[in-house]
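# Per-entry structural report
Each chain is listed here by its residues.
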Amino acid sequence: MARTALITGITGQDGSYLAEHLLGLGYEVHGIVRRVALESQRQRLGRIAHLLDRVVLHPGMLESYPSIYSVVGRVDLDECYHLAAQSFVAESFDDGFSTMQTNVMGTHFVLAALKELRPRCRFYFAGSSEMFGKVREVPQTEDTVFHPRSPYAVSKVTGFHLTRNFRESYGMFCASGILFNHESPRRGLEFVTRKITSSAARIKVGRQQRLALGNLDARRDWGHAREYVAAMHAMLQQDDPDDYVVATGRTNSVRDVCECAFSVLGLDYRDYVDLDPKYYRPAEVELLIGDAAKAREQLDWEPRIGFEALIEEMVRSDLELASRGEI
Ligand code: NAP
Ligand code: GDD
């Protein structure tokens, strides 16, 4: 019989790739989608438009326990991937309260509903390399101490501990992925890689003149989202629940992204990029670089798509969108 999975955040970058991955493995896939007053179907469900006849969507809000409880009660779940979150770090500095509300309470609600209604359902929590923050060691592993540097990161550390608590207190199969940055043509336009690739493409076709950025020296360990969702699934197939770092082990700067993206289009980023203090963060995470040895050994997971190939794929996709006037 087909296994059944619920994805919170199915409309996001990772949710869309994970839904594809699970459908490919023969799963029955359900997703939680929040209702908003002004709804443009094309924009809101854009990332899963090609999957709409193959997934079952349920309305739900992370802020509402009854809405989560009702979805979990409706579907006999084998696995639950909790990806929904306010995921933009910069926004969490502007409104830390709503980030905490969504990310902390939302995670607690999903765990509590599962404990009540589906205690045997396997649970994945979308932890983040941001939890390492002001890093205590390089590279970071599952044993590296957390030092979160933003309300977003604090919310993820709390979600991580909640997940471990449900595992230890109630014997539930709860695993956390500590995922380093992963990008794709489906990345939100406000995140730095996509902001750069979409702007470079718009500049190339004459729809934009300049690009304002913040800290060009920040470094991240950037992988491809399509590969990272496979690690999420693998974590829930283990004999015992555990936590895993998922990363490429390589690091590049924001400046490298600019150089790479503009050069794909035959442009020099130095002719177009301005620095704007508004994009600097009150506290920065300077050097995230992950050691995914445990995932390699236990999950048989290995990233294959390199930094240049990732950025080039994003630029080419954005060039098509920009040429059609869609970005
Ligand atoms: P994303 O593209 O921003 O997607 C976030 C998803 O959460 C969207 O489907 C969004 O729905 C949903 N959501 C947000 N607030 C909600 C609420 N109040 N109620 C219900 N749904 C809500 O994020 P992503 O890049 O796919 O990341 C997935 C998860 O992994 C997030 O938890 C993120 O923090 C974490 N993570 C991401 C990375 C990365 O590099 N991408 C790295 C580590 C961890 P709408 O479509 O309605 O906005
Ligand atoms: N967004 C943005 N916009 N970032 C900029 C800009 C800019 O104009 N200029 C420089 N940066 C720098 C930021 O200061 C940060 O150091 C880096 O680019 C990456 O920023 P984002 O792409 O916004 O991602 P993030 O690393 O803060 O967070 C992402 O990765 C986390 C995993 O480490 C998100 O996906 C989080 O949800 C995720 O947990």
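Each value, and the rule that gives it
In every chain, residue numbers begin from 1 and rise along the written sequence. Here the convention is simple: chains get letters from A, ligands get numbers from 1, in the order in which they are written. The predicted nature of this model means local features are confined to residues of pLDDT at least 70 and side-chain atom pairs, given and counted, to a pLDDT of 80 or more, with totals for whole chains, interfaces and linings taken over all residues. The side-chain quantities take in all heavy atoms of the structure and omit both hydrogens and water. Whenever a carboxyl oxygen of Asp or Glu lies within 4 Å of a side-chain nitrogen of Lys or Arg, that contact is scored as a salt bridge. Numbering of helices and strands runs from the N terminus; a helix is a DSSP stretch of H or I covering at least four residues, while a strand is a stretch of E covering at least two. For this purpose, a residue is taken to be near a molecule or strand whenever a single non-hydrogen atom of the residue falls within 4 Å of it. Polar contact is defined as a pair of N or O atoms within 3.5 Å, subject to the rule that within protein one atom must be able to donate a hydrogen and the other to accept it, and that residues adjacent in sequence are counted only when both atoms are side-chain atoms. Reported accessibility uses the Shrake-Rupley method at a 1.4 Å probe radius. Residues are deemed covered only where the shown protein chains occlude them. Amino acids are sorted into nonpolar (Ala, Val, Leu, Ile, Met, Phe, Trp, Tyr, Cys and Pro), charged (Asp, Glu, Lys and Arg) and polar (every other residue, Gly among them). The split into domains, and so the bounds of each, comes from an automatic or database assignment of domains. We call two residues in contact whenever any of their non-hydrogen atoms come within 4.5 Å of each other. Accessible area that two parts lose when put together, with a 1.4 Å probe and added across both, is what the buried area reports. In this analysis an axis means a line fitted to C-alpha atoms, helices contributing only their contacting stretch, and an angle means the value between N-to-C directions, from 0 to 180 degrees. Roughly parallel means an angle under 35 degrees; roughly antiparallel, over 145; roughly perpendicular, 65 to 115; everything else is oblique. Each helix crossing is assigned a hand: it is left-handed if the near helix lies turned anticlockwise from the far helix by less than a right angle, otherwise right-handed if that turn is clockwise. Each residue is assigned to one of three classes by its accessible area relative to the maximum for its type, calculated with a 1.4 Å probe on protein chains only: buried under 20%, partly exposed between the two thresholds, exposed over 50%. Here the rule is simple: two strands pair whenever DSSP picks up at least two bridges between them. If the strands point away from the viewer and the path from the first strand over the helix to the second runs clockwise, then the crossover is right-handed. Cysteine sulfur atoms are paired as a disulfide whenever they come within 2.5 Å of each other.

### Some points on the pattern of salt bridges
- By the definition in use, this model includes 16 salt bridges.
- Between Glu-130 and Arg-220 there is a salt bridge, and its shortest N-O distance comes to 3.6 Å. Residue Glu-130 is located in the loop between β5 (122-128) and α6 (151-170), and its partner Arg-220 is located in strand β9 (residues 219-220); the two are separated by 90 residues in the primary sequence.
- A salt bridge links Arg-167 to Asp-243; the nearest nitrogen and oxygen atoms lie 3.0 Å apart.

### A word on the site of ligand 1
- Near ligand 1 there are 25 residues, and of these Thr-11, Asp-14, Leu-83, Ser-87 and Tyr-152 occur at the shortest range.
- Residue Gly-12 places a main-chain N or O atom 3.0 Å away from an oxygen atom belonging to ligand 1.
- Contact distances for ligand 1 include 3.2 Å between a nitrogen atom and a side-chain N or O atom of Arg-187.
- The fraction of the free accessible surface of ligand 1 (900 Å²) that becomes covered by protein chains is 89%.
- Taken together, the elements giving at least two residues each to the shell around ligand 1 come down to α1 (13-24), β5 and α6.
- Take the shell around ligand 1: its biggest share by element is 3 residues, from β5.

### Overview of the site of ligand 2
- Around ligand 2, a shell composed of 23 residues is seen, among which Ser-128, Ser-129, Tyr-152, Arg-281 and Glu-284 lie nearest.
- One of the backbone nitrogen or oxygen atoms of Ser-87 is found 2.6 Å away from an oxygen atom of ligand 2.
- Interatomic distance of 2.8 Å between a backbone N/O atom of Val-192 and an oxygen atom of ligand 2.
- Considering only residue class, the shell around ligand 2 consists of 10 nonpolar, 6 polar and 7 charged.
- Residue-level mapping places the shell around ligand 2 at the junction of two domains, with at least three residues from each of domain 1 (4-182 + 222-246) and domain 2 (188-220 + 252-284 + 305-323).

### Overview of the domain arrangement of the protein
- Segmentation of the protein into domains returns domain 1 (4-182 + 222-246) and domain 2 (188-220 + 252-284 + 305-323).
- A straight line from the C-alpha centre of domain 1 to that of domain 2 covers 27 Å.
- Each partner contributes residues to the interface: domain 1 has 14 residues there, and domain 2 has 18 residues.
- For the pairing of domain 1 and domain 2, the buried interface totals around 1,500 Å² over both sides, and the portion due to carbon and sulfur atoms is 61%.
- Our enumeration of links across domain 1 and domain 2 arrives at 2 salt bridges.
- Arg-226 is the salt-bridge partner of Glu-313, the closest N and O atoms lying 3.6 Å from each other.
- Taken together, domain 1 and domain 2 are joined by 3 residue pairs in polar contact (both at pLDDT 80 or more).
- Elements with a contribution of two residues or more to the side of domain 1 that touches domain 2: α4 (89-94), β10 (223-224) and α8 (225-235).
- Sort the elements by how many residues they give to the side of domain 1 that touches domain 2 and α4 lands first, with 3 residues.
- Along the lines of polarity and charge, the residues of the side of domain 1 that touches domain 2 split into 5 nonpolar, 4 polar and 5 charged.

### Focus: the packing of helix α3 (residues 65-74) against helix α5 (residues 96-117)
- Axis separation between α3 and α5 bottoms out at 9 Å; the angle between their running directions is 40°. Between α3 and α5, the interaxial angle falls into the category oblique. Considering how the two elements wind past one another, α3 and α5 form a crossing that is right-handed. Facing α3, whose interface residues are Tyr-65, Ile-68, Tyr-69, Val-72 and Gly-73, α5 presents Phe-109, Val-110, Ala-112, Ala-113, Leu-114, Glu-116 and Leu-117.
- In terms of residue class, the contact of α3 with α5 is built from 10 nonpolar, 1 polar and 1 charged.

### Focus on the pairing of strand β6 (residues 174-179)
- In terms of burial, β6 is largely enclosed, as 6 of its 6 residues are buried.
- Because side chains alternate across β6, one face comprises the buried residues Cys-174, Ser-176 and Ile-178, and the other comprises Ala-175, Gly-177 and Leu-179, equally buried.
- In terms of strand pairing, β5 meets β6 through 6 bridges, oriented parallel. Within β6, the position partnered with Tyr-124 by the bridge is Ala-175.
- With α6 bridging β5 and its parallel neighbour β6, the resulting β-α-β unit is right-handed.

### Remarks on the state of the cysteines
- The tally for this structure, following the rule as stated, stands at 0 disulfides.
- Summary of cysteine pairing: Cys-174 is not part of a disulfide, and the nearest cysteine sulfur, belonging to Cys-121, is at 8.9 Å.
- Among the residues examined, Cys-174 registers a relative accessible area of 0% and is labelled buried.
- The cysteine Cys-258 is free of any disulfide, with Cys-260 supplying the nearest cysteine sulfur at 10 Å.
- The buried category is assigned to Cys-258, whose relative accessible area is 0%.

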